[in-house]
Amino acid sequence: MTGNGFWTVPADHMTTGSGTRYELTVVRPPVTVDAGDLPPNDAVAALEFARSLDMIDEVLEDLGPRQGSDMLTVRTRADLDIVQVGVWGNVMSVSDPGYADDGNDTPMLYQAGLLRERFPDALLVGRVEVHCGAEHTEDLVMLPGGPMFHACGWPGDEPFVVSGDPAAVMAACGVTTELLEDLDVIFDLDDDPNQNDWGALATACLGDADPWGRSGLFSSSLRVRHTDVATSRMESLFFIR
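We now turn to the structure provided with this report. (Residues numbered from 1 in each chain as written. Predicted model: local features only at pLDDT ≥ 70, side-chain atom pairs only at ≥ 80, totals over all residues. Heavy atoms only, no water.)

When helices and strands are tallied, the protein chain shows 6 helices and 9 strands. Overall, the protein chain is about 50 × 40 × 30 Å in size when its C-alpha atoms are taken along their principal axes. For the protein chain, the proportion of its 241 residues judged to be buried stands at 50%. For the protein chain, the exposed area adds up to about 10,600 Å²; of that, 50% sits on carbon and sulfur atoms. A distance of 10 Å separates the average location of the 14 positive side-chain charges in the protein chain from that of its 40 negative side-chain charges. (Helix = DSSP H or I, 4+ residues; strand = E, 2+ residues; numbered from the N terminus. Buried < 20%, exposed > 50% of the residue type's maximum accessible area, 1.4 Å probe, protein only. Areas by Shrake-Rupley, 256 points an atom, 1.4 Å probe, with all protein chains shown as cover. Lys, Arg positive; Asp, Glu negative; His and termini not counted. Charge placed at Lys NZ, Arg CZ, Asp CG, Glu CD.)

This part covers the pattern of salt bridges. For the structure shown, the criterion picks out 11 salt bridges. Of the charged contacts, one joins Glu48 and Arg51 as a salt bridge, the two residues approaching to 3.0 Å between their closest N and O atoms. Here the residue Glu48 and the residue Arg51 both occupy positions in helix 1 (residues 43-52), the gap between them amounting to 3 residues, near one helical turn. Note on Glu48: relative accessible area 44%, which makes it partly exposed. Judged by its relative accessible area of 47%, Arg51 falls in the partly exposed class. The residue Asp210 makes a salt bridge to Arg127 at a minimum N-O spacing of 2.9 Å. Of this pair, Asp210 sits in the loop between helix 5 (198-206) and strand 9 (218-226) while Arg127 sits in strand 5 (residues 123-131), and the two are 83 residues apart along the sequence. (Salt bridge = Lys/Arg side-chain N within 4 Å of Asp/Glu carboxyl O.)

Along the chain, Asp54 turns up in the loop between helix 1 and strand 2 (56-67). Judged by its relative accessible area of 38%, Asp54 falls in the partly exposed class. When the C-alpha positions of Asp54 and Leu114 are compared, they lie 8.4 Å apart, and in sequence the two are 60 residues distant. Ignoring sequence-local partners within four residues, the contact set of Asp54 consists of Tyr110, Gln111, Leu114 and Thr227. (Contact = heavy atoms within 4.5 Å.)

Turning to helix 3 (residues 166-173), its buried residues number three or more, namely Pro166, Val169 and Met170. Along the long axis of helix 3, the arc covered by the buried residues comes to 100°, so they all point the same way. Of the residues in helix 3, the exposed ones pointing more than 90 degrees away from the buried face are Ala171 and Ala172. The inward-facing, buried residues of helix 3 contact strand 6 (135-142), strand 7 (148-153), strand 8 (160-164), helix 4 (177-182) and helix 5. Note on helix 3: the residue one or two positions beyond its end, Gly174, has a positive phi of about 70°. (Arc of directions from axis to C-beta.)

Side chains of nonpolar character tend, in soluble globular proteins, to be buried together. If you look at the biggest cluster of nonpolar residues, it comprises 41 residues, and the most contacted ones within it are Phe49, Val85, Tyr99, Leu115 and Phe238. The leading source of residues in this core is helix 6 (residues 228-238), at 4 residues. Setting aside residues up to four positions removed in sequence, Tyr99 forms contacts with Tyr22, Leu24, Leu53, Met55, Val94, Pro107, Met108, Gln111, Val128 and Glu138. Among the nonpolar cores identified, the runner-up in size contains 28 residues, and Leu38, Leu143, Met170 and Ala204 belong to it. (Core = buried A, V, L, I, M, F, W, Y, C linked by side-chain atoms within 4.5 Å.)

Looking at the secondary structure, you find Gln84 in strand 3 (residues 82-88). Exposure remark for Gln84: the relative accessible area of 4% places this residue in the buried category. Non-local contacts of Gln84, meaning those with residues more than four positions away in its chain, are made with Arg66, Asp70, Met71, Leu72, Ser93, Val94, Ser95, Trp212, Ser219 and Ser220.

Most of strand 1 (residues 18-27) sits out of view: 7 of its 10 residues are buried. In terms of strand pairing, strand 1 meets strand 5 through 9 bridges, oriented antiparallel. Residue pairing for strand 5: Ser18 is matched across the bridge by His131. Bridging between strand 1 and strand 4 (residues 91-95) involves 5 bridges; their strand directions are antiparallel. Bridge pairing links Leu24 to Val94 in strand 4. (Pairing = 2+ DSSP bridges.)

All right, on to the packing of aromatic side chains then. For the structure on display, the rule yields 4 aromatic pairs. Measuring from centroid to centroid gives 6.2 Å for Trp7 and Phe239, while their planes differ by 85°, and the two rings are edge-to-face. In this pair, Trp7 is assigned in the segment before strand 1 and Phe239 in the segment after helix 6, connecting sequence segments 232 residues apart. In this structure Trp7 comes out as buried when scored by relative accessible area, which is 6%. A residue is classified by how much of its surface remains accessible, and Phe239, at 4% relative accessible area, is buried. An angle of 85° between the planes, with centres 6.2 Å apart, marks the rings of Trp88 and Trp212 as edge-to-face. Of this pair, Trp88 sits in strand 3 while Trp212 sits in the loop between helix 5 and strand 9, and the two are 124 residues apart along the sequence. The pair Trp88 / Trp212 is uniform in exposure class, with both members buried. Through a chain of ring-to-ring contacts, the aromatic side chains of Phe149, Phe187 and Trp198 assemble into a single cluster. (Phe/Tyr/Trp six-rings, centres within 6.5 Å; stacked < 30°, edge-to-face > 60°.)

Below, the structure is given as structure tokens:
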């Protein structure tokens with residue numbers, strides 16, 4: 001392993017693929033929390049949470065706090081080594097480009113499964129969108145002790161696979177078609193899966209507990225070394241040859 005970790009490209013190498021979001025959020029009881037009322041980020045707990053995640057081999061550097069509305073734009077390989085992690089009371093969340101995928105590995109689903117084992121009474125919501133030649137999304141909602149859905153594929157195209165019970169998730173979260181329409185989201189379970197905005201559904205299920213995009217919340221910005229497997233996957237997605 002070199003100073004670049006498991007990378008085979010230099011730190012200043014420009015990316016060709018891009019990611020819009022790759023967030024996985026854990027809401028422990030009470031799950032009906034309003035993120036606007038959350039306490040400040042616990043930097044020590046955020047560091048420990050990052051170290052516990054399956055794709056992170058080691059945390060190399062704490063880059064300090066980052067405002068929730070100041071999302072990192074991935075331009076170079078070095079940017080792919082930066083994750084944002086926050087622990088705000090009963091809400092924990094990570095934004096990590098290592099969750100980007102093209103449908104072959106579904107790393108976010110795997111990580112969410114591990115977190116569900118650790119926090120069986122928590123609500124878990126994951127949202128990933130990456131452009132690797134075309135747009136690919138992976139979204140999920142796991143309810144405590146109850147239903148879940150996982151949607152993964154190429155919006156507007158095939159293949160697109162939905163598993164679990166999205167109707168049961170919507171009912172449990174109080175998300176109706178009318179609510180989605182009020183949010184300017186067109187969503188119909190009778191449509192083909194690739195015609196629906198599953199990320200918007202996941203966001204609606206997370207509701208007011210969503211910590212991302214809020215200027216009043218800060219997360220910890222960490223430079224990490226991802227695992228060999230995660231690095232190899234990012235290299236194939238973000239450096240399209």
